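What follows is each chain in one-letter form.
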Amino acid sequence: MKWNVLRAVVTGAAGNLGRQLILDLGKRGVRVAAWDLNRPALEALTLECSKLGYEVQPFEVDITHYEAVSQAARASNAALGGIDLWFNYAGFTKIAEFARSTPEDLNRVVDVNLKGILWGTHAALEIMAPRGTGRIINMASVAGHIGGPYIASYSATKHAVVGFTRALQTELRLQDSGLQIVLVSPGFVDSQMIALGEQFGFPEWLKWTLASPEAVTQEVLQGLEKNKLEIFPTLNGRMMLRMQKVFPGAVTTSSRVLLTRSLKDLILNRYTPSQIAEPETK
């Protein structure tokens, strides 16, 4: 796989995973169109890459609107002279009891996590199909394979991403297409989402279990080099999936562990849902 001849689109570029991916792609000589709605963060990332000698074209895009995605896709294609890789990395969550979620929160989760991937995939296919080659990488989550408490809407959208990606993989195989759709399902990553989760009691004593954005990115890129169609780039995520197969009740047990402040609290069974306060998100 000759990285230095490839051109990529990365959505969610200003997030921890998106930023790290762009840095690693730039290091490999990949030319990148970086998409995000956060203009200041996007500008900072572009400047950082420029200082490192990486070619990154910034695009301020709202991926929840199809026309905006379609227009940005055409502009990115023109700026890069083609698109070989498309990373649907943008994501959003609202960590809260589902009954306390507002319609606005739920709409935002669905718009970003599901519609954003549908629109991005559709736009990518339109550009890649005439050439007959290209790979689209959809970011799901272990929460798309196992339902987790207090992220019910997020988990629902990630289950949808898993189903959509696998269905489209089959569709393209039936068409003998040269295009590939890749599913990525990480577990717990040291990211903005976990920072929100701290208000829900993500324990300091388990921080060592978190995967770094650097490690996740390395596993994703190595998976692409090996032509994998499904990548599970965290040890904690792979362990959760295996445990769930052997012990169907493992989700409830592990959730209690994650929602206790300390090992002492876990031993004394101090966790109760009423201890959980809903965080504010922006």
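Counting restarts for each chain, with residues numbered from 1 along the sequence as it is written. Since the coordinates come from a predicted model, pLDDT governs what is reported: local features require at least 70, and pairs of side-chain atoms require 80 or more to be given and counted, while whole-chain, interface and lining totals use all residues. As a rule here, side-chain values cover all heavy atoms of the structure and leave hydrogens and water aside.

(A) Seen up close, the overall build of the chain. Along the backbone of the chain there are 10 helices and 7 strands. Every one of the 282 residues in the chain was classed for burial, and the buried ones make up 48%. A fraction of 69% describes how many contacts in the chain between residues 6 or more apart in sequence connect residues 24 or more apart. Of the roughly 13,600 Å² of accessible surface on the chain, a fraction of 56% belongs to carbon and sulfur atoms. Helix and strand labels come from DSSP, where a helix needs a run of H or I of at least four residues and a strand needs a run of E of at least two; each type is numbered from the N terminus. Only protein chains enter the accessibility calculation, which uses a 1.4 Å probe. A residue is then buried if its area is under 20% of the maximum for its type, exposed if over 50%, and partly exposed in between. In this analysis, two residues are considered to be in contact whenever any of their non-hydrogen atoms come within 4.5 Å of each other. Accessible surface is estimated by sampling points in the Shrake-Rupley manner with a 1.4 Å probe; for residues, cover comes only from the protein chains shown.

(B) Representation of the pairing of strand 2 (residues 31–36) in the model. Across the 6 residues that make up strand 2, a large majority, 5, are buried. DSSP calls a pair of strands paired once it identifies at least 2 bridges connecting them. Examined bridge by bridge, strand 1 (residues 7–10) and strand 2 share 4 bridges and lie parallel to one another. Its bridge partner being in strand 2, Arg-7 is matched across the sheet by Arg-31. The handedness of the strand 1 to strand 2 crossover, carried by helix 1 (residues 16–27), is right-handed. Crossovers are marked right-handed if the path from the first strand over the helix to the second runs clockwise, as seen with the strands pointing away from the viewer. This β-α-β element, strand 2 to helix 2 (residues 39–52) to strand 3 (residues 56–60), shows right-handed connectivity.

(C) Representation of the pattern of salt bridges in the model. For salt bridges, the criterion is a side-chain nitrogen of Lys or Arg within 4 Å of an Asp or Glu carboxyl oxygen. On inspection of all chains with the given rule, the structure shows 9 salt bridges. For the salt bridge of Asp-84 with Arg-7, the shortest nitrogen-to-oxygen distance reads 2.9 Å. With Asp-84 in the loop between helix 3 (66–80) and strand 4 (85–88) and Arg-7 in strand 1, this pair connects stretches of sequence that are 77 residues apart. As a salt-bridge pair, Glu-230 and Arg-166 come within 2.7 Å of each other at their nearest N and O atoms. Taken as a pair, Glu-230 in strand 7 (residues 230–231) and Arg-166 in helix 5 (residues 152–174) lie far apart in primary sequence, 64 residues in all. What makes Arg-166 partly exposed here is its relative accessible area of 35%. Linked by salt bridges that have partners in common, Arg-7, Asp-84 and Arg-131 make up one network.

(D) Structural context of the packing of aromatic side chains. Any two rings among Phe, Tyr and Trp, with Trp reduced to its six-membered ring, count as a pair given centres within 6.5 Å; such a pair is stacked if its planes are under 30 degrees apart, edge-to-face if over 60, and tilted if neither. Counted according to the given criterion, the structure contains 3 aromatic pairs. Aromatic side chains Tyr-66 and Trp-119 sit 5.7 Å apart centroid to centroid with 80° between the ring planes, which places their arrangement in the edge-to-face category. Residue Tyr-66 is found in helix 3, and its partner Trp-119 is found in helix 4 (residues 103–128); the two are separated by 53 residues along the sequence. The interplanar angle of 85° and the centroid separation of 5.7 Å between the aromatic rings of Phe-87 and Tyr-89 together place this pair among those described as edge-to-face. Taken as a pair, Phe-87 and Tyr-89 share a single burial class, namely buried. Should the NZ of a Lys or the CZ of an Arg lie within 6 Å of a ring centre and within 35 degrees of the ring normal, that charge is described as sitting over the ring. Arg-108 extends its terminal NZ or CZ atom over the ring of Phe-92, reaching a point 5.9 Å from the ring centre.

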